[in-house]
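# Working through the structure, step by step
Chain by chain, the residues run as shown.
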Amino acid sequence: MPVTLTSLDDVKFTVDKDVAERSILIKNMIEDVGESDSPIPLPNVSSAVLKKVIEYCEHHRNDPVQVQDETDDPRKRSNDIEEWDMKFMAVDQEMLFEIILAANYLDIKPLLDVGCKTVANIIKGKTPEEIRKTFNIVNDFTPEEEAQIKKENEWAEDR
Amino acid sequence: MDTTNSPLERVLEIPEIIERISAYQDRRTFASATRVSKSWYRAYLPILWHTIDNGKHWNDPGFLKAIVQHGDLIRVLVCARYDEIDILIPPPKGADALEQSVSLCRFLTTVVMPKTASRNQKQQAQFIRQNPGLRDLSLTFNDQLSSTFTELVDAIGDLKHLRRLSFDGNRSLEATTLETILQRCSSVSPDGNGSLQELSLSRTSFLRHPFGRGEDFASGVVATRGEDAHWTDTQNSHDTTIPTKEPFAITTLRMDKVGCVQDLLLNLCSRFPSLSKLSLSEADELYYSDGFPKRLAQRCPNIKWLDVSHTEDMDDESMAELISSFPGLQTFIAEETRFGTESLNALVEHCRDLAVLDITNAYEMDSAAMQRLLNSSWSLRSLNAWGVAYNVIEMMQEAHREQKRQGGSSTLTDGQPWVCTGLERLILNVIYSPPDDSRVGNVYPPSRARRFLYDQLGRLTKLRYLALETSLEDYEDTSDCDGYEDDEDYYGQKKEVRDHAVEDEDVDSNEVWVDYSFKSGLRRLGSLKELQQLSLHDVSHNITLAEIRWMAETWPHLRKIEYLTSAITDQDAQTILEYAAENYPWIQFVEDD
């Protein structure tokens, strides 16, 4: 039973129901509406991003659905990412964060996790300046402000 | 470049996402992140301050200055025993009781307080009052009797969301104090506040303690012993009916590393009829009499989770009685105890819902009893039976006996199969040890035993973690056997890698054992699609590159293999590790504990 999803920019995507239901948001919408041919609108997700999300869901369509208590304790999560996911996440930064936002909105926890792990790995061990360079961020602190914060958080840098 | 509405900026505005990202990072990274830009500062500051648990910071003037500004961001605060509470809340000025000191933290959910003494009682009380969202509170009453700390007890009683209360290591908690607190925080009545569900009294020696044996605390039935009996004497302990008191909503009781007599435990538990989780691990001195299990079950029939690990006081028979008194048991932890065959039989006979069993390093056990467990526990999800070697021959014999008992029409030729197909975690030692009677060895040669084990394992399709140590003890094959290579050695010596083509199972060989090689029957484990971790600890294995390839391709969720290199030559190990690093980078090879 196929399902049609409509993106922010009005592009329609037809996918199998089990693929669409990797998104808990969509799953709940389908349950609420019942059997229906009308497309499901996703006004928060652009077509480029939706295409990627669908690609992820199709590849992972047979994964076991994650049980609630497994994902709740962050200490139990491992830092590794499987190969296909690594290649999938090798996109430009804008797309990376758009995927994270979409996974959050659509409630696809495994995809959100992979996205967050990817970002965490990028930031790990970098100085503030290195982080700025990586993401093209403008430093809007005055030198005094930045020095103040550095002093304030010095205790946390110590391990 | 205007980045104000970039995807990154939008992500920074969603705390749940930043929390998820931060779960994979350390505190140094948080500190670094706060300096990147203003929006990064706003996103990461609460993360940085969420948990403060390292006492040495109190000595850092920079930290002390910062906590004044950001104390309200702290949610989890762990103080060391001798920390000064003055830092968190100034001492009251002068005799004016109306003047309230202001706490630096007001949104804590979890706190471990510094030592409670009469000197700081007022401050501790005020500190608690200013953190009305507290869910988890740990205190130690050390010096004065707890009944002198009325302000503090009052403050605790007013907490509306307290779920967990700990008096670990206390020396002066009185039964009346506990009664007062529980009446206010753990009431079962619909109008009352029943938020408190977990109580911890670990690391307390109750043997000469103001709490006494809790006789005034008990309800419905009180456990006492004769007047002249020595305080450890359990012989005269008996139950006497008394009026019932209001029960409490406590569902979890932790009394790890305690020293106490069973009467105290019984009297305490008589107020907790809803108790479902009881931990007595490492209980130092816990004197039991024979009737203890039944008396406990009478008071707390709903116990489903029991931890008696690292205790010596209960023998196998007593433990069996304990188990049979709680047929609803789902989790039983008895690591390093005298758990033995009788206890195992009791589990099989009484506890149909058993899901988690840890009997690491228990005493010697009947292998047939283990087979019976695997044969009957439908709900079993996790089994750690490390430390005792189970004889697969006896297991197979039991499997056949069971098959006969059930009418003998199983499609498997190896008797009644394991039913615990929901098993996710299995840690087991298995040996092949034929009895002196060679007929038995001939009916159950190693080849048959090997197939039995692989077949049974193959049924465990939900398995995620497997650690199976197997050894073939002193086996001499007296039957006809052709075609075995002389230079193969299956007793743990490092051997040459076979880089010839993948081999098929040698079904009939009695010299091949469960060593995860194709020859032994590895392919029978192809159904273990959920397998994530394989531990080869102490296993003499014959894994080559071919087997690794098969594992990576057949077990899509495989992420970790432990102790691979300990049984192969360094060169082979290098070959495998290099190949795996390039082709299967998501599989970790771990060698240390």
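Residues numbered from 1 in each chain as written. Chains lettered and ligands numbered in written order. Predicted model: local features only at pLDDT ≥ 70, side-chain atom pairs only at ≥ 80, totals over all residues. Heavy atoms only, no water.

Looking at an unreviewed UniProt entry, one finds chain B named F-box domain-containing protein, with Podila minutissima as its source organism.

What counts is decided by this rule: UniProt positions are given in the numbering used here, feature names are shortened, and annotations may be inferred rather than shown by experiment.
Within an unreviewed UniProt entry, the label attached to chain A reads E3 ubiquitin ligase complex SCF subunit, and the organism entered is Podila minutissima. Taken from UniProt, the Sequence similarities (unreviewed entry) comment for chain A reads in full: "Belongs to the SKP1 family."

### Considering the UniProt feature "domain: SKP1 component dimerisation" (unreviewed entry) in chain A
Short version of the rule: Put simply, DSSP H or I for four residues or longer makes a helix, DSSP E for two residues or longer makes a strand, and each gets a number counted from the N terminus.
UniProt records the feature "domain: SKP1 component dimerisation" (unreviewed entry) at residues 109-156 of chain A, using the numbering of this structure. The distance from the first to the last C-alpha atom of residues 109-156 of chain A is 30 Å, and the span holds 75% helix and 0% strand.

### Considering the packing of aromatic side chains
This is how the line gets drawn: Centres within 6.5 Å make a pair out of two Phe, Tyr or Trp rings, where for Trp the six-membered ring is used; the pair is then stacked when the planes are under 30 degrees apart, edge-to-face when over 60, and tilted otherwise. Exposure classes here rest on a 1.4 Å probe applied to the protein chains alone. A residue is buried below 20% of its type maximum, exposed above 50%, and partly exposed in between. Two limits define a charge over a ring: the Lys NZ or Arg CZ must be within 6 Å of the ring centre, and within 35 degrees of the ring normal.
One pass over the structure, following the stated rule, counts 24 aromatic pairs over all chains. Between Tyr56(A) and Trp84(A), the ring centres sit 6.4 Å apart and the planes meet at 50°, which makes this aromatic pair tilted. Note that Tyr56(A) is positioned in helix H3 (residues 47-59) and Trp84(A) in helix H5 (residues 83-88), a separation of 28 residues in sequence. Aromatic pair Phe211(B) and Phe217(B): ring centres 6.2 Å apart, planes at 55°, arrangement tilted. Each member of the pair, Phe211(B) as well as Phe217(B), is classed as buried. Taken together through their ring pairs, the aromatic side chains of Phe97(A), Phe135(A), Phe30(B), Trp40(B) and Tyr44(B) make up a single cluster. The residue whose ring lies beneath Arg271(B) is Phe217(B), and the NZ or CZ to ring-centre distance is 5.2 Å. In this structure, Arg523(B) packs its charged tip against the face of Phe518(B), placed 4.2 Å from the ring centre.

### Remarks on the pairing of strand E1 (residues 2-6) of chain A
The two faces of the sheet receive side chains in turn, since in a regular strand these alternate between them. Residues and elements named next belong to chain A. The condition that has to hold: At least two bridges found by DSSP between two strands are what make those strands a pair.
Counting buried positions along E1 gives 4 out of 5 residues, so the element sits mostly inside the fold. Where E1 meets strand E2 (residues 12-16), 5 bridges bridge the pair, whose relative direction is antiparallel. Each residue of the ladder has a partner; that of Val3, found in E2, is Val15. Counting the residues between successive antiparallel strands, the hairpin from E1 to E2 contains 5 residues, one of them, Asp10, with a positive phi of roughly 60°. In this sheet, strand E3 (residues 40-41) lies alongside E1 in parallel orientation, the contact comprising 2 bridges. Paired with Thr6 across the strands is Pro41, a residue of E3.

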